[in-house]
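Structural characterization, general
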Amino acid sequence: MPLEGEYEPSPEKWVRDQVEVYERTSGREGNTLPGRTEPVVVFTTRGAKSGKVRKNPLMKVEHGGVYAMVASQGGAPKHPTWYFNLKEHPDQVTVQDGDRVWDGVAREVTGEEKAVWWERAVAAFPDYAEYQRRTDREIPVVLVEPRS
Ligand code: F42
């Protein structure tokens, strides 16, 4: 089930436009970054402060039906705000991969488990390695697993 409540599109035009195209075409269009081939998926979270529904495309990092959200933000100094949404409402996240939409539960990984997922993330989208070099913060990896 999609998250209920008011959808507040991203203030970033390229982000909200990609979400709009992806949703309208069930991921047949808007499914990569411009000029790239790696696939993206769309995640929906609940605003930590506003309670509004937020949507973000992120690179697809998937293994065994579990999806990772890599909070890279291009190597910016601060975590993206959706990371705080997941911390506040870990049980309110949905994943859209193509025409498949499902409810998940978010869990940040650390230590050995994170190292394994970081390798998967860099294999899926090599630029993540450069993003980590650009910033002093450790880029978080949050897994989304199906809600049972
Ligand atoms: N970002 C990544 O971090 N990793 C990726 O792999 C990635 C891939 C990607 C592919 C395609 C594409 O179009 C975008 C991609 N992005 C990727 C960008 C990603 O979708 C986000 O735009 C980016 O991570 C920044 O997220 P953000 O949530 O920080 O965005 C800001 C601009 C934003 O939306 N701010 C809102 C605002 O109104 O200023 C607030 C949004 C929000 O959730 N607010 C919360 C609320 O309560 O509503 C409060 C959160 C808090 O601070 O507690």
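These remarks concern the structure in this document. (Residues numbered from 1 in each chain as written. Predicted model: local features only at pLDDT ≥ 70, side-chain atom pairs only at ≥ 80, totals over all residues. Heavy atoms only, no water.)

So, on to the site of the ligand. As a matter of local geometry, the ligand sits amid 27 residues, with Gln18, Lys49, Ser50, Thr81 and Tyr128 nearest to it. At a separation of 3.1 Å, an oxygen atom of the ligand approaches a polar backbone atom of Ala48. Here an oxygen atom of the ligand and a backbone polar atom of Lys49 are 2.6 Å apart. Elements with a contribution of two residues or more to the shell around the ligand: helix H1 (13-24), strand E2 (53-59) and helix H2 (81-88). Ranked by the residues each element gives to the shell around the ligand, the list is headed by E2, at five residues. (Near = heavy atom within 4 Å. Polar contact = N/O pair within 3.5 Å; in protein donor to acceptor, adjacent residues only side chain to side chain. Helix = DSSP H or I, 4+ residues; strand = E, 2+ residues; numbered from the N terminus.)

Further remarks concern the sheet that holds strand E1 (residues 40-46). Pairing is antiparallel across the open sheet formed by seven strands, whose spatial order is E2-E1-E5-E6-E7-E4-E3. The sheet terminates laterally at E2 and strand E3 (62-63), the two strands that pair on one side only. With four bridges joining them, strand E4 (residues 66-70) and strand E7 (residues 141-146) adopt antiparallel strand pairing. Opposite Tyr67, over in E7, you have Val144 as the bridge partner. Along the sheet, H2 contacts E1, E2, E4, strand E5 (93-97), strand E6 (100-108) and E7; its crossing angle with E1, the most-contacted strand, is approximately 55°. (Pairing = 2+ DSSP bridges. Contact = heavy atoms within 4.5 Å. Axes fitted to C-alpha atoms, helices over the stretch in contact; angles between N-to-C directions.)

The next thing to look at is H2. When H2 is considered as a whole, its buried residues turn out to be Trp82, Tyr83, Asn85 and Leu86. Relative to the axis of H2, the buried residues are bounded by an arc of 155° and lie together on one face. Exposed residues on H2 whose side chains face more than 90 degrees from its buried face are Thr81 and Glu88. (Buried < 20%, exposed > 50% of the residue type's maximum accessible area, 1.4 Å probe, protein only. Arc of directions from axis to C-beta.)

With that out of the way, let us pick up the pattern of salt bridges. Per the counting criterion, the structure on display carries 13 salt bridges. What emerges from the salt-bridge pattern is a single network uniting Arg36, Glu38 and Asp127. (Salt bridge = Lys/Arg side-chain N within 4 Å of Asp/Glu carboxyl O.)

So, on to helix H3 (residues 111-124). Its 14 residues place the ends of H3 20 Å apart at the C-alpha level, agreeing with the 20 Å of an ideal helix rising 1.5 Å per residue. The inward-facing, buried residues of H3 contact E3, E4, helix H4 (127-134) and E7. (Expected span 1.5 Å × (residues − 1).)

Here the focus is the packing of aromatic side chains. By convention here, two paired aromatic rings are described through the distance between centres and the angle between planes. On inspection of all chains with the given rule, the structure shows six aromatic pairs. Here the aromatic cluster, defined as three or more aromatic residues joined through ring pairs, consists of Trp118, Phe125, Tyr128 and Tyr131. Positioned over the ring face of Tyr7 is Lys55, at 4.4 Å from the centre of the ring. Cation over ring: Arg120 sits above Trp117, and NZ or CZ is 4.7 Å from the ring centre. (Phe/Tyr/Trp six-rings, centres within 6.5 Å; stacked < 30°, edge-to-face > 60°. Lys NZ or Arg CZ within 6 Å of the ring centre and 35° of its normal.)

What is shown is where atoms sit, not what they do.
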